[in-house]
Amino acid sequence: MVNIVEGTSAVCVVIVNYNGGAMLTECVHSVLLSSMPVRVYVSDNGSTDNSIKYLRARIGSHPLLKILENGVNLGFAKGNNVVLPFCRCKYVLFLNPDCTIAPEVIEKMIDVMERHPNAGMAGCLLLNPDGTEQIGCRRFIPTPWRYLVRALKLHKVIRNHPRFQSFLMSGLPLPDAPIPIEAISGAFMMVRREVIETVGRMDEGYFMHCEDLDWCMRFRAAGWKVLFVPHVRVLHWKGLSSAATPIKVEYHKHRGMVRFYNKFFRHQYPAPLMVLVAIAVWTRFVLKTAWIFVLGIFPQQDAGRAARMSAETVERWSRNQREEQEAQ
């Protein structure tokens, strides 16, 4: 076991919840089964689906679990930031509530971080429920040029050219060992607490989406490496909390991209290209919104997707996945 003596727990796990349904309890339960000491903080952004009530009923007043009820939806960045004053561990794991982890996951990640003292944060291989690699768990920074390449599908037209690469790395072979990359996913970020104190907290100007890209940019600018750890695998049932309000989620995602580009690239790229990128981002938002309407996916019709997943279904799914991981 990794030898860390700071505090009673080596890792503080921060989980921002918004209508996470039964998956929240399964996530917390899997974290509390970790092979090394942890302290879990659930930051609830005004959930209305009884996910917190169910969590309390199943896990109760566990000494290593603290629930902060924010009362309103603060967004992902602020929902994480409000917990940081309570975190006194050497490492902080920012984890989505629709993830479940095996007992050894945190210990393996800490071992990697201890072996790479120049790493400020690390992510792992995120898997879809069917076992495939999840898009976005390892990626290049989506610069304005890379965004246009992907938006216009140029990476499919002009193949094998470095100038026309997609910013997603999921199609590339997995490395044999942890490697530095440009960006990981905010669904699972293991971060050194001391680095947060120097680099700063997540930018609360993003409501949801792109705050992870922002942080990766700032960590690397400060001289810290961002690691991708391929041999650590975590299951991520992506999008449960956002299923009830898909248009709102798409709005915040695209607004976040525009903010990200203006913050980091407006002095590096010519103004006409930046305008073209902004037009492309909002055009994509309009098209996606139209597609949502065409499919008949309205908030009032799809509300509570996470809540509709019964506790029995979630537990059965997670148990099967854990058994498969242990058998590997």
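### A look at the overall build of the chain
A count of helical and extended segments in the chain gives 13 helices and eleven strands. Counting all 328 residues of the chain, 53% fall into the buried class. Residue pairs at least 24 apart in sequence account for 84% of intrachain contacts in the chain once pairs closer than 6 positions are excluded. Carbon together with sulfur atoms contributes 55% to the accessible area of the chain, which is approximately 15,200 Å² in total.

### Some details on the pairing of strand β4 (residues 91–95)
Burial analysis of β4 places five of its five residues in the buried class, the great majority of the element. Burial along β4 is two-sided: the face carrying Tyr91, Leu93 and Leu95 and the face carrying Val92 and Phe94 are both buried. Pairing analysis gives four bridges linking strand β1 (residues 11–17) to β4, with the strands arranged parallel. Within β4, the position partnered with valine 14 by the bridge is phenylalanine 94. Here five bridges tie β4 to strand β10 (residues 188–192), and the two strands are oriented antiparallel to one another. What sits directly across from phenylalanine 94, in β10, is methionine 189.

### As for the state of the cysteines
A covalent bond bridging the sulfur atoms of two cysteines is what the word disulfide describes. One pass over the structure, following the stated rule, counts one disulfide. One disulfide bridge connects cysteine 12 with cysteine 89, the sulfur atoms lying 2.5 Å from each other. Taking the sign of the torsion about the S-S bond as the criterion, the disulfide between cysteine 12 and cysteine 89, at about 70°, is right-handed. With cysteine 12 in strand β1 and cysteine 89 in the loop between α3 (76–81) and β4, the pair connects residues that are 77 residues apart, well separated along the chain. The buried category is assigned to cysteine 12, whose relative accessible area is 1%. Since its relative accessible area comes to 4%, cysteine 89 is described here as buried. The thiol of cysteine 27 is unpaired, and the distance to the nearest cysteine sulfur, on cysteine 99, comes to 6.3 Å.

### Re the pattern of salt bridges
Scanning the model with the defined rule gives 13 salt bridges in all. With a shortest N-O distance of 2.8 Å, aspartate 111 and arginine 115 are connected by a salt bridge. With aspartate 111 and arginine 115 both in helix α4 (residues 105–115) and four residues apart, this pair spans about one turn of that helix. Close ionic contact of aspartate 212 with arginine 139 constitutes a salt bridge, the shortest N to O distance being 2.8 Å. Of this pair, aspartate 212 sits in helix α8 (residues 211–221) while arginine 139 sits in strand β7 (residues 138–139), and the two are 73 residues apart along the sequence. By the burial criterion, aspartate 212 is buried, and arginine 139 matches it. Via salt bridges that share partners, Asp203, Asp214, Arg218, Arg259 and Lys263 belong to a single interconnected network.

### Section: unusual backbone geometry
A positive phi angle, near 70°, is found at asparagine 50, a position not held by glycine. The exposure class of asparagine 50 is exposed, given its relative accessible area of 52%. Within the chain, histidine 209 stands out as a residue other than glycine whose phi angle is a positive 80°. For histidine 209, the position within the fold is in the loop between α7 (193–199) and α8.

### Comments concerning the packing of helix α5 (residues 144–151) against helix α10 (residues 271–295)
Contact pair α5 / α10: the axes reach a minimum separation of 10 Å and the direction vectors enclose 45°. Relative to α10, α5 is oriented oblique. By crossing handedness, the relation of α5 to α10 is classed as left-handed. Across the interface between the two elements, Pro144, Tyr147 and Leu148 from α5 touch Leu273, Met274, Leu276, Val277, Ala280, Val281 and Arg284 from α10. Split by residue class, the contact of α5 with α10 holds nine nonpolar, no polar and one charged.

Analysis parameters
- Residues numbered from 1 in each chain as written.
- Predicted model: local features only at pLDDT ≥ 70, side-chain atom pairs only at ≥ 80, totals over all residues.
- Heavy atoms only, no water.
- Helix = DSSP H or I, 4+ residues; strand = E, 2+ residues; numbered from the N terminus.
- Buried < 20%, exposed > 50% of the residue type's maximum accessible area, 1.4 Å probe, protein only.
- Contact = heavy atoms within 4.5 Å.
- Areas by Shrake-Rupley, 256 points an atom, 1.4 Å probe, with all protein chains shown as cover.
- Pairing = 2+ DSSP bridges.
- Disulfide = S-S within 2.5 Å.
- Salt bridge = Lys/Arg side-chain N within 4 Å of Asp/Glu carboxyl O.
- Axes fitted to C-alpha atoms, helices over the stretch in contact; angles between N-to-C directions.
- Parallel < 35°, antiparallel > 145°, perpendicular 65-115°, else oblique.
- Left-handed = near helix turned anticlockwise from the far one by under 90°.
- Nonpolar A, V, L, I, M, F, W, Y, C, P; charged D, E, K, R; others polar.

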